[in-house]
Amino acid sequence: MKKYFKEIRFHIFMRVLCYGFVTLATAAIPALQKQLFDLILGEEAIIDSFPVIIVTYVVCLLSASLFGYLSMLYTWKASLRFELSLKRDFFKSVFNYKYEDFASRDIGEYISIQGNDITALDMDYLTPLVDIIQAFIQILIFGVFLFVNVDWRISTVILIGSILTIIIPKVTSKPLADKRNTWLNQMGKYVSRIKDFLEGFKLIQSRTRNNINKEHEKILEETKNMRYKYGKFKSLTFALENLGLNIVSAVAFIIAAILLLNGDLTMGSCVAAFGYINSFISPINDLMYDFNSVSSLKKTKEKVIAYLEKEINQDLKVKKKFNQNITFENISFRYDNFSLDNFSYEFVKGKKYALIGHNGSGKSTLINGLMNYITPISGRIDIDGENIDSIDTAHIMYCLNQNEHIFSDSFINNATVFSSYQESSLNRVTDNLRLKIIDNLKTQDNSQNLSGGEKQVLSIIRMLTSSTEICLMDEPFAAVDSKTTEILENMLMDLQDKTIIMVTHDLSENLAKFDEILLMEKGKVIGKGTYKEISEKQEFKKLIKTYLH
Ligand SMILES: Nc1ncnc2c1ncn2[C@@H]1O[C@H](COP(=O)(O)OP(=O)(O)OP(=O)(O)O)[C@@H](O)[C@H]1O
């Protein structure tokens, strides 16, 4: 967090400095009132001093307004910069996560941190933290003015009473922090749920609307309750702090009244005393609120820092050329209800591989393992003899997923991933393909509006534009019509330099285009070979049968 404070230290300094001037100007006002009253009620009214008092009074008020404005301006500048830096770094950091770490949390949580937690850190951590410095300066300035201008007995009561009330936030800060944290975590869950419902918008219709609404209301109510619990406790701490200070204020008021009655206090000192009681107590009130706010945000701060400082393996060697082979050596993956054990295989450069088998047999698991999206419990995967954990494969390997994401943007930004891949490469791909469908892809302003099949064609174009030598594809043609599939598949098979590993449910003679086919069942390879070899196996015949039924 230090880094973020460093970035805004000038703004914080200016803010505190300006506020110091505001405090000086405000602190001078009761002193001027005292002088005015004492002059009027004194034995010899010195008329010449009146204009000086009045001009100084007006100057003080104007200065307070001007520096108040400047202080606020710097508050905004500091806040915006702080929030911007945090949000920028948060995204940068998350974008560097390993997929497995990223996927361990719901997307709603990331959105909630960006939208709620970081904003809360700005409003309820940074601002109160600076307010604490400001309040100390105020207390110091008002304290000096109090002791100089007001009777020492009143000043002492105010000082001791105020110090005693500072104990209150010490007692309340921990439960307040817990309640706040529970509410912010619940907010993360709420955002995740909302995102889930909105993504499933097509499922919301007359028969389902009521029940989905009920589900929404359930979590909305839970979120409200947690926020209310936090708000209720916050109100209580606020009231307690206020009560403490009001008691101090009342005691000081009573002493001032007694001293005035006994003639131990001038009218001017009495007026100044009332002015300073409020001015001195107000920053103490702020101080208590700020202490509570800062400590209630401690856990949020730690949470955001944990996201920002997550260790990322940046020292991966960038591999730019694929030379020989991909080897799986006794690889095992395990989920709760699935395991893939001791898989060993060599995928050779330039060859085309098909992975076939029933749903849930482990085909995608193999691809995900090769992409390092999941970590095996044992074994190793190497590319050209280099372990995939130690290399950055983005230049040599691309994975086209089952539900490839299409950005809500143009064809060109989707195909080049915002100019990450060269436009010349895209042009080469589209020129070679000569598919009519491409004209339609190009005309859509928002590629998310494309049909399912069109999106898949766009995904294949994106993969080819990335120009990687290894192409992993998980059912790339599931929604593409047979004619377009044939054209694309033939084109892919003709790319001599590309190594292709494709998950497919197409068990037709199209499989003959592949050099090798791996037939999987329940996490095991139960057959492998050319189409000719595999089509004679009983297991393959059985698979075809089940597909036909
Ligand atoms: N993240 C996960 N957590 C728990 N189980 C998982 C996870 N990912 C996959 N599985 C399970 O592992 C098994 C293999 O899944 P995998 O996606 O590899 O199958 P597949 O052969 O590609 O299936 P399909 O043809 O339906 O795409 C499935 O039973 C699946 O439910």
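Residues numbered from 1 in each chain as written. Predicted model: local features only at pLDDT ≥ 70, side-chain atom pairs only at ≥ 80, totals over all residues. Heavy atoms only, no water.

## What about the sheet that holds strand S5 (residues 378–383)?
Across the sheet, which stays open at both edges, the four strands sit in the order S3-S2-S5-S6 with antiparallel pairing between neighbours. The sheet is open, and its two edges are formed by strand S3 (338–348) and strand S6 (386–387), each paired on a single side. Sheet topology note: the strand S2 (residues 325–335)/S5 ladder contains five bridges and is antiparallel. Each bridged residue has a counterpart across the sheet, and for phenylalanine 328 the counterpart in S5 is isoleucine 381. Its contacts with the sheet place helix H11 (residues 363–370) against S2, S3 and S5, and it is angled at close to 115° to S2. (Pairing = 2+ DSSP bridges. Helix = DSSP H or I, 4+ residues; strand = E, 2+ residues; numbered from the N terminus. Contact = heavy atoms within 4.5 Å. Axes fitted to C-alpha atoms, helices over the stretch in contact; angles between N-to-C directions.)

## A word on the domain arrangement of the chain
As assigned here, the chain comprises domain 1 (2–308) and domain 2 (317–548). Here domain 1 and domain 2 have C-alpha centroids that lie 56 Å from each other. (Domains from an automatic or database assignment.)

## A short note on the site of the ligand
Neighbouring the ligand are 13 residues, the closest being Gly360, Lys363, Ser364, Thr365 and Gln402. One of the side-chain nitrogen or oxygen atoms of asparagine 359 is found 2.9 Å away from an oxygen atom of the ligand. For the ligand, whose accessible area on its own is 630 Å², the fraction buried by protein is 59%. Tallying contributions element by element places H11 first for the shell around the ligand, with three residues. (Near = heavy atom within 4 Å. Polar contact = N/O pair within 3.5 Å; in protein donor to acceptor, adjacent residues only side chain to side chain. Areas by Shrake-Rupley, 256 points an atom, 1.4 Å probe, with all protein chains shown as cover.)

## Here we look at the packing of helix H6 (residues 152–165) against helix H9 (residues 267–296)
Packing of H6 against H9 leaves a shortest axis separation of 11 Å and a crossing angle of 15°. As judged from the angle between their axes, H6 and H9 are roughly parallel. By crossing handedness, the relation of H6 to H9 is classed as right-handed. Along its contact with H6, which presents Ile154, Ile158, Leu159, Ser162 and Thr165, the element H9 presents Ala273, Ile277, Phe280, Ile281, Ile284 and Met288. Looking at the contact of H6 with H9 residue by residue, the class counts come to nine nonpolar, two polar and no charged. (Parallel < 35°, antiparallel > 145°, perpendicular 65-115°, else oblique. Left-handed = near helix turned anticlockwise from the far one by under 90°. Nonpolar A, V, L, I, M, F, W, Y, C, P; charged D, E, K, R; others polar.)

## Focus: the packing of aromatic side chains
This structure, assessed with the given rule, holds 21 aromatic pairs. Note on phenylalanine 347 and tyrosine 353: the rings are 4.8 Å apart at their centroids and 80° apart in plane angle, and the pair reads as edge-to-face. The exposure class of phenylalanine 347 is buried, given its relative accessible area of 2%. An aromatic cluster of three or more residues is present, and its members are Phe90, Phe91, Phe95, Phe102, Tyr110 and Tyr307. (Phe/Tyr/Trp six-rings, centres within 6.5 Å; stacked < 30°, edge-to-face > 60°. Buried < 20%, exposed > 50% of the residue type's maximum accessible area, 1.4 Å probe, protein only.)

## Let's talk about empty space enclosed by the protein
Under the defined criterion, the tally for this structure stands at two cavities of 30 Å³ or more. Considered as a void within the structure, the largest cavity measures approximately 50 Å³ in volume. Residue lining of the largest cavity: Leu176, Lys234, Thr237, Phe238, Glu241, Met288, Tyr289 and Asn292, and that is the complete set. If you list the elements that add at least two residues to the lining of the largest cavity, you get helix H8 (209–261) and H9. Sorting elements by how many residues they give to the lining of the largest cavity places H8 first, with four residues. By residue class, the composition of the lining of the largest cavity is four nonpolar, two polar and two charged. One number sums up the size of the second largest cavity: a volume of about 40 Å³. Residue lining of the second largest cavity: Phe328, Phe347, Leu355, Leu366, Ile367, Leu370 and Ile501, and that is the complete set. Among the residues forming the lining of the second largest cavity, the class breakdown is seven nonpolar, no polar and no charged. (1 Å grid on protein atoms, 1.4 Å probe; cavity = no way out; pocket = protein on both sides within 12 Å on 5 of 7 lines; lining within 4 Å. Points joined across faces, edges and corners; volume = space filled by probe spheres on them.)

## A few points about the pattern of salt bridges
Counted by the stated rule, this structure contains 25 salt bridges. Its salt-bridge partner being aspartate 196, residue arginine 193 comes within 3.9 Å of it at the nearest N-O pair. Here arginine 193 pairs with aspartate 196, and both are found in helix H7 (residues 167–199), just three residues apart, close to one helical turn. Using a relative accessible area of 29% as the deciding quantity, one classes arginine 193 as partly exposed. One network of salt bridges, with partners in common, ties together Arg193, Asp196, Glu215 and Lys218. (Salt bridge = Lys/Arg side-chain N within 4 Å of Asp/Glu carboxyl O.)

## Concerning helix H13 (residues 423–433)
What H13 keeps buried is the set Ser425, Leu426, Val429, Thr430 and Leu433. Taken down its axis, H13 places every buried residue within 130° of arc, on the same side. Looking at H13, the residues exposed on the side facing more than 90 degrees away from the buried face are Arg428, Asp431 and Asn432. Buried residues in H13 make contact with helix H12 (411–415), helix H14 (437–443), helix H15 (452–465) and helix H16 (482–494). Residue arginine 434 follows H13 closely and has a positive phi angle near 45°. (Arc of directions from axis to C-beta.)

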